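# Observations on the model geometry
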There are 2 protein chains.
Amino acid sequence: MQKRNIDDLIERYLSVSFMVMKKAAALVKCELDEDMTNDQYYLLRCIKKKAKCTSTELASLFGVNKSAITAMTNRLVEKGLLQRTRDQNDRRVVYLTLTERGDKWITETEEKIHKLVESFITKFSEEEIEAFIQTYEKLVRIFQEMEGTS
Amino acid sequence: MQKRNIDDLIERYLSVSFMVMKKAAALVKCELDEDMTNDQYYLLRCIKKKAKCTSTELASLFGVNKSAITAMTNRLVEKGLLQRTRDQNDRRVVYLTLTERGDKWITETEEKIHKLVESFITKFSEEEIEAFIQTYEKLVRIFQEMEGTS
DNA sequence: AAAAAATAGTTTAATTATTTAACTATTAAA
DNA sequence: TTTAATAGTTAAATAATTAAACTATTTTTT
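Right, let's walk through the structure included here. Fair warning: this is a prediction, and the values are worked out from it, not measured in the lab.

## Some thoughts on the interface of chain A and chain B
- Taken together, the contacts link 56 residues of chain A with 56 residues of chain B.
- When the buried surface of chain A facing chain B is broken down by residue, Phe132(A), Tyr136(A) and Phe143(A) rank first, second and third, together holding 11% of it.
- Viewed at the interface, chain B and chain A are joined by twelve salt bridges.
- Between Asp39(A) and Lys22(B) there is a salt bridge; the shortest N-O distance is 3.0 Å.
- Viewed at the interface, chain B and chain A are joined by 21 residue pairs in polar contact (both at pLDDT 80 or more).
- Considering every element that reaches the side of chain A that touches chain B, the biggest residue donor is helix α1 (residues 3-31) of chain A, with 19 residues.
- Partitioned by chemical class, the residues of the side of chain A that touches chain B number 31 nonpolar, eight polar and 17 charged.

## Topic: the pairing of strand β2 (residues 94-98) of chain B
Residues and elements named next belong to chain B.
- Within β2, four of the five residues are buried, leaving the element largely enclosed by the surrounding structure.
- Strand direction decides the pairing type here: strand β1 (residues 82-86) and β2, joined by five bridges, are antiparallel. The residue bridging Thr85 from the neighbouring strand is Tyr95, located in β2.

## Points about the nonpolar core
- With 90 residues, the main nonpolar core has Tyr13(A) and Tyr13(B) as its most contacted residues.
- Formed jointly, this core draws a minimum of three residues from each of two domains, domain 1 (1-31) and domain 2 (35-149) of chain B.
- Non-local contacts of Tyr13(B), meaning those with residues more than four positions away in its chain, are made with Val20(A), Val117(A), Phe120(A), Ile121(A), Phe132(A), Ile133(A), Tyr136(A) and Leu139(B).

## Focus on the pattern of salt bridges
- Following the criterion strictly, the structure yields 24 salt bridges over all chains and no others.
- In this structure, Arg12(B) and Glu130(A) form a salt bridge, with 3.1 Å as the shortest nitrogen-oxygen distance. With Arg12(B) in helix α1 (residues 3-31) and Glu130(A) in helix α6 (residues 126-149), the pair connects residues from two separate chains.
- In this structure, Lys138(A) engages Glu128(B) in a salt bridge whose closest nitrogen and oxygen atoms are separated by 2.9 Å. One end of the pair, Lys138(A), is in helix α6; the other, Glu128(B), is in helix α6 (residues 126-149), on a second chain.
- Overall, the relative accessible area of 22% leaves Glu128(B) in the partly exposed class.
- Shared partners join several salt bridges into a network, and the residues in it are Glu11(A), Arg45(B), Lys49(B) and Glu110(B).

Reading the values: rules and limits
Residues numbered from 1 in each chain as written. Chains lettered and ligands numbered in written order. Predicted model: local features only at pLDDT ≥ 70, side-chain atom pairs only at ≥ 80, totals over all residues. Heavy atoms only, no water. Contact = heavy atoms within 4.5 Å. Buried area = accessible area lost by both parts, 1.4 Å probe. Salt bridge = Lys/Arg side-chain N within 4 Å of Asp/Glu carboxyl O. Polar contact = N/O pair within 3.5 Å; in protein donor to acceptor, adjacent residues only side chain to side chain. Helix = DSSP H or I, 4+ residues; strand = E, 2+ residues; numbered from the N terminus. Nonpolar A, V, L, I, M, F, W, Y, C, P; charged D, E, K, R; others polar. Buried < 20%, exposed > 50% of the residue type's maximum accessible area, 1.4 Å probe, protein only. Pairing = 2+ DSSP bridges. Core = buried A, V, L, I, M, F, W, Y, C linked by side-chain atoms within 4.5 Å. Domains from an automatic or database assignment.

Shown next, in the form of structure tokens:
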């Protein structure tokens, strides 16, 4: 591939990923209750998927410091959506789990977000969206490999 | 397409787009000077591409209120990377343009970011990445149409 | 077993990003 | 020529983030 062509693809990728990132954030926000943020949604989503989760894991998933997670989880604990429990074997570890209200909220919200994604994903053919997601998943694997080596 | 299958694709899309969003943000951050943020990079990038730009345009691109843009541009003006100039015909309008330092910074940073993107984009075949970006671009157009109708 | 090092998480202080509501200045419409 | 609308700013509040210092606990080393 020529240098010109690669530079062109890179530029297109940067523009389009910026626009989708910002637009997707705005669309997700519309589906949330007034007092909830996108990051709070993503945090609760991660915890639901893992069932139980530590600050360290979340910090790694979000790519931020652990103290950022402490601050976020504090707000969610105050809102009654999350609870902390200590590991009995290793008392340094704190597990984060959903409260009943937290579970109810994330379940309802996931339904709204699924409908949102469905509203545009169905505008693509199954082949196109499958190929798109597969490349996306490959990108995740490449990122993970880069992490391991550097 | 069956309901099962769509739900599965939606779930994969949500997971993968979250992971790429967070990971990409972390990688971009690594390329920036200590005192610069990702949003500041994206803001300067947008202004460079448009040459001159208003708060209203940026607020729409970023999907935030105009006052958020005022705050961000204030910081960049204080840093000497951006300047404001009033339109002579319509004195309500303020144009944002790069200072010489701002232009130098974004040019150097774009080079770093391009190298970063190149480091993973070249792990795909030209066909795969072209198809990926085309679907991405189609997604942007769908978002824009949704904006028009709703 | 005692001392040193590593790990998990929190606190604190500072900065950035964001929203909403009220505001100024200017232009366009009635 | 009032009245509307538009462009942008200000102010107060909240959320997200980092870096550095800290507590508590567990693991490793000597």
